[in-house]
Amino acid sequence: MNAIEDITVVLPAYNEEQDLPPLLERLHESLSAGPFRHRILIVDDGSTDRTAQIAREAATRMPIQLVQHGTNQGLGRAIQTGLTEASKNPGAVITMDADNSHDPKYIADMVAKLEADRLDLVIASRFVKGSQVKGVPVFRQLLSIGCFLSMKTIVPFSGVRDYSAGFRAYRASTLQRLVDLHRDRLVEHPGFSCMLEVLLKLRSMGATAGEVPYTLRYDQKLGASKLRLFRTL
């Protein structure tokens, strides 16, 4: 496998005018200090606030590509759009939440493991030694634990414990194969369980995966949560 020199960061965003600006600054600062060529792909999923305007303004200072949905279609369609577009680029594709709860400093660790262990996917996981969770509501923690226990029993995926995490590093060539295989049906579920769907489709094609520890900082999030609990359940 070739060395990873390029990174595309995919940010699905819906009404993130409060959290997107500080995240973009942290992302650009972190990636500019590293060894990778990078681009940031923002998928604005029909926001009704200044999310798209913020992206356009930031694009004058950093390598940002903005893709917009005319109406809100849900996280699943935003992920579908982002992964499909990003898979055209070489190197690695990183997905992150746009609410500033994921720290860009972990991207280097994720890509390093992707290379060192010759993996197709690396997840920033809440369930490995050294991880911390700060400010996450109890019901969301229980949902994540329930997902882990259920999936580990029903559809075990070697190297994976955090099935629902959105902070991931994909090898772009693997992602391209996945997109070619599923096309417009890459992501069929509109809600938060789309991350599980993508993971299981990677599992079905024999992808290899690993995890790195990180600290989830939900206490830094300013905007309201977009999670619809019962729909996700």
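Each remark here, short or long, concerns the structure printed above.
(A) Local environment of the overall build of the protein chain. What the protein chain contains, in helices and strands, is 8 helices and 9 strands. Across the protein chain, the fraction of contacts at a sequence separation of at least 24, relative to all contacts at a separation of at least 6, is 81%. Entry remark: accessible area of the protein chain is about 10500 Å², with carbon and sulfur atoms responsible for 52%.

(B) Representation of the layout of surface pockets within the structure. Its boundaries defined by the atoms lining it, the second largest pocket holds a volume of some 150 Å³. Considered class by class, the residues forming the lining of the second largest pocket number 5 nonpolar, 3 polar and 3 charged.

(C) Layout of the nonpolar core. Among the nonpolar cores identified, the biggest contains 35 residues, and L11, L24 and I107 are the most heavily contacted of them. Mapped by element, the contributors of at least two residues to this core are strand 1 (6-13), helix 1 (20-32), strand 2 (37-45), helix 2 (51-58), strand 4 (92-95), helix 4 (107-116) and strand 5 (121-125). At 5 residues, helix 1 tops the list of elements feeding residues into this core. Listed in part, the 32 residues of the second largest apolar core include A165, Y170, L175 and M195.

(D) Inspection of the environment of M205 at higher detail. By the secondary structure assignment, M205 is in the loop between helix 7 (194-204) and strand 8 (209-213). Given the relative accessible area of 25%, M205 is considered partly exposed. Considering only alpha carbons, one finds M205 and R177, 28 residues apart in sequence, at a separation of 9.2 Å.

(E) Seen up close, the environment of S173. By the secondary structure assignment, S173 is in helix 6 (residues 172-182). Classification of S173 as partly exposed rests on a relative accessible area of 43%. C-alpha separation for the pair S173 and D120, spaced 53 residues apart in sequence, amounts to 8.5 Å.

(F) Layout of the side chain of R126. Take R126: it is sitting in the loop between strand 5 and strand 6 (132-134). Overall, the relative accessible area of 19% leaves R126 in the buried class. Engagement of the side chain of R126 in a polar contact is seen with the side chain of D162, the distance being 2.6 Å. Among the polar contacts listed, one links the side chain of R126 to the side chain of S164, at a separation of 3.0 Å.

(G) A look at the packing of helix 3 (residues 75-86) against helix 7. Two numbers describe how helix 3 lies on helix 7: the axes approach to 9 Å, and their chain directions differ by 45°. One way to sum up the angle between helix 3 and helix 7 is to call them oblique. Along its contact with helix 3, which presents L75, G76, I79 and L83, the element helix 7 presents C194, M195 and V198. Grouping the constituent residues of the contact of helix 3 with helix 7 by class yields 6 nonpolar, 1 polar and no charged.

(H) Region of interest: the sheet that holds strand 3 (residues 64-69). The 7 strands are arranged 3-2-1-4-7-5-8 in an open sheet whose pairing can be described as mixed. Since the sheet does not close on itself, it has two edges, and those belong to strand 3 and strand 8, each with one partner. Sheet twist, expressed as the mean angle between neighbouring strand axes with direction ignored, is 20°. Looking at chain direction, strand 5 and strand 8 are connected through 5 bridges and run parallel. When the sheet's bridge partners are listed, I123 is paired in strand 8 with E211.

(I) Geometry of the pattern of salt bridges. What the rule picks out here adds up to 14 salt bridges. Of the charged contacts in the structure, one is a salt bridge between E85 and K88, with a shortest N-O distance of 3.2 Å. Here the residues in one salt-bridge network are E5, D6, R37 and R39, joined through shared partners.

The rules behind each value
- Residues numbered from 1 in each chain as written.
- Predicted model: local features only at pLDDT ≥ 70, side-chain atom pairs only at ≥ 80, totals over all residues.
- Heavy atoms only, no water.
- Helix = DSSP H or I, 4+ residues; strand = E, 2+ residues; numbered from the N terminus.
- Contact = heavy atoms within 4.5 Å.
- Areas by Shrake-Rupley, 256 points an atom, 1.4 Å probe, with all protein chains shown as cover.
- 1 Å grid on protein atoms, 1.4 Å probe; cavity = no way out; pocket = protein on both sides within 12 Å on 5 of 7 lines; lining within 4 Å.
- Points joined across faces, edges and corners; volume = space filled by probe spheres on them.
- Nonpolar A, V, L, I, M, F, W, Y, C, P; charged D, E, K, R; others polar.
- Core = buried A, V, L, I, M, F, W, Y, C linked by side-chain atoms within 4.5 Å.
- Buried < 20%, exposed > 50% of the residue type's maximum accessible area, 1.4 Å probe, protein only.
- Polar contact = N/O pair within 3.5 Å; in protein donor to acceptor, adjacent residues only side chain to side chain.
- Axes fitted to C-alpha atoms, helices over the stretch in contact; angles between N-to-C directions.
- Parallel < 35°, antiparallel > 145°, perpendicular 65-115°, else oblique.
- Pairing = 2+ DSSP bridges.
- Salt bridge = Lys/Arg side-chain N within 4 Å of Asp/Glu carboxyl O.

These results come straight from atomic positions and should not be treated as a statement about function.
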